[in-house]
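Structural overview for review
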Amino acid sequence: MPEGDVVWLTARRLREALAGRPLTRSDFRVPRLATADLRGRTVLDAVSRGKHLLVRVEGGLTVHTHLMMEGRWQIRRAGPVPRDHRVRLVLANAERQAVGYSLGLVELLRTAEEDAAVGHLGPDLLDAAWDAGMVAEAAARLGERPERAIGEALLDQTRLAGIGNVYKAEILFLRGVDPWTPVQDVPDLPALVELAHRLLDANKERHGHITTGDLARGREHWVYGRAGRPCRRCGTRVERAGQTSRGGERVTFWCPRCQPAAGR
């Protein structure tokens, strides 16, 4: 599932392509919205909220989409749309068109009712208004279930919104925390939250997630995707294992020496 920085960049590209111009094409290829037609309405904005995308259009309507595991938006010049069963939605103006492939969620709702779709989310790590208050709120939400493993808690979008499997592994490595450590035993939760914000913010305008500061191919991550290879910091073999999350079991990566187990 794409991380929050990927969704943020997708929202920016949708905004650049569509905002401020009336739609000349509105093609919903999901059964319950097959008759919906937004042609003639001006796109007002496109924003991200955690891993959710909200395209707001004239008349108080919002197109709400979620990429889930395989979804993506492709922006191109206006023209014929390729015949492809994966296309779920096409929004276009006279110059540009946005084609949504394999979108996990497509719905049309009233802009005034967006909270019904995204109001359950925790603080958005890429909110333009990010501040100390949001750090404190995210830390407090994480602490509401103190017995929960921190690796599981970080993937819970109701605690804080935007972290996926890559950032979970990398954040915990950088903080020296074993993924199975109970939240109550994690030192300085606010510092962990602020690190998450800094990493996503640093990567939001480029493809790929660089957490090491090294742009060379194959040097981008500390532990994610590196099972069986030596830790970049201490040389210990990087481990991997499944860890339960709200969406099922997800693979996590960690260095046993740099992230010592707390009773596991």
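I will try to describe carefully the structure that is included in this document. Only a predicted model underlies this, so the values are computations on that prediction, with no experimental measurement involved.

With respect to the overall build of the protein chain
A tally of regular secondary structure across the protein chain gives six helices and ten strands. Counting only C-alpha atoms, the protein chain reaches 60 × 35 × 30 Å along its principal axes. Here the protein chain holds 264 residues, and the buried ones make up 51% of them. Considering only intrachain contacts with a sequence separation of at least 6, the fraction spanning at least 24 residues in the protein chain is 59%. Carbon and sulfur atoms make up 47% of the accessible area of the protein chain, which totals about 12,300 Å². Of the charged side chains in the protein chain, 41 are positive and 33 negative; the average position of the first set lies 7 Å away from that of the second.

Examining the pairing of strand E1 (residues 25-28)
Side-chain alternation along E1 places Ser26 and Phe28 on a buried face and Arg25 and Asp27 on a face that remains uncovered. Looking at chain direction, E1 and strand E6 (residues 87-92) are connected through four bridges and run antiparallel. Residue pairing for E6: Phe28 is matched across the bridge by Leu89.

With respect to the nonpolar core
Counting residues in hydrophobic clusters, the biggest one holds 29 residues, and the most contacted among them are Ile150, Ile163 and Val193. Breaking this core down by element, the ones donating at least two residues are helix H1 (4-18), helix H3 (132-142), helix H4 (150-153), helix H5 (165-175) and helix H6 (189-203). Of all the elements, H6 adds the most residues to this core, at seven residues. Ignoring anything within four residues of it in the chain, the contact list for Val193 reads Leu125, Trp130, Val135, Ala138, Ala139, Leu142 and Leu160. Grouped together as the second largest cluster of nonpolar side chains are 25 residues, Leu23, Leu61, Leu91 and Ala98 included.

Some words on the pattern of salt bridges
For the coordinates displayed, the defined rule picks out 19 salt bridges. Residues Arg159 and Glu144 are paired through a salt bridge, measuring 2.7 Å at the closest nitrogen-oxygen approach. Of this pair, Arg159 sits in the loop between H4 and H5 while Glu144 is found in the loop between H3 and H4, placing the two residues 15 residues apart along the sequence. The partner of Arg148 in a salt bridge is Asp156, with the nearest N and O atoms 2.8 Å apart. For Asp156, a relative accessible area of 4% puts it in the buried group. Through salt bridges with shared partners, a single ionic network connects Glu144, Arg148, Glu152, Asp156 and Arg159.

Quick look at the side chain of Lys204
Mapped onto the secondary structure, Lys204 falls in the loop between H6 and strand E9 (239-245). Within the structure, Lys204 has its side chain in polar contact with the side chain of Asp201 (distance 2.9 Å). If sequence neighbours within four positions are ignored, Lys204 has contacts with Asp5, Trp8, Leu9 and Leu126.

A word on H5
In an α-helix there are 3.6 residues to a turn, and that puts residues three or four apart on one side. With nine of its eleven residues buried, H5 lies for the most part within the structure. Within H5, the full set of buried residues consists of Asn165, Val166, Tyr167, Lys168, Ala169, Glu170, Ile171, Leu172 and Phe173. Check the buried side of H5 and you find it contacts H1, H4, H6, E9 and strand E10 (248-254). Gly176 lies just past H5 and shows a positive phi near 70°.

Side note on the side chain of Asn203
As for its placement among the helices and strands, Asn203 is situated in helix H6. What makes Asn203 buried here is its relative accessible area of 0%. A polar atom in the side chain of Asn203 sits 2.9 Å from the side chain of Arg206. Residue contacts for Asn203: discarding those within four places in its chain leaves Asp5, Tyr167, Gly208, His209 and Ile210.

Quick word on the sheet that holds strand E8 (residues 105-110)
Spatial strand order, E2-E3-E4-E8: four strands in an open sheet with antiparallel pairing. Bordering the open sheet on either side are strand E2 (43-49) and E8, each of which pairs with just one other strand. The sheet shows a mean angle of 20° between the axes of neighbouring strands, taken without regard to direction. Alignment of strand E3 (residues 52-57) against strand E4 (residues 61-66), held across six bridges, turns out to be antiparallel. Among the inter-strand pairings, Val57 is bridged to a residue of E4, identified as Leu61. Packing of H1 onto the sheet brings it into contact with E2 and E3, and relative to E2 it is tilted by some 175°.

Thresholds, definitions, all that
Residues numbered from 1 in each chain as written. Predicted model: local features only at pLDDT ≥ 70, side-chain atom pairs only at ≥ 80, totals over all residues. Heavy atoms only, no water. Helix = DSSP H or I, 4+ residues; strand = E, 2+ residues; numbered from the N terminus. Buried < 20%, exposed > 50% of the residue type's maximum accessible area, 1.4 Å probe, protein only. Contact = heavy atoms within 4.5 Å. Areas by Shrake-Rupley, 256 points an atom, 1.4 Å probe, with all protein chains shown as cover. Lys, Arg positive; Asp, Glu negative; His and termini not counted. Charge placed at Lys NZ, Arg CZ, Asp CG, Glu CD. Pairing = 2+ DSSP bridges. Core = buried A, V, L, I, M, F, W, Y, C linked by side-chain atoms within 4.5 Å. Salt bridge = Lys/Arg side-chain N within 4 Å of Asp/Glu carboxyl O. Polar contact = N/O pair within 3.5 Å; in protein donor to acceptor, adjacent residues only side chain to side chain. Axes fitted to C-alpha atoms, helices over the stretch in contact; angles between N-to-C directions.

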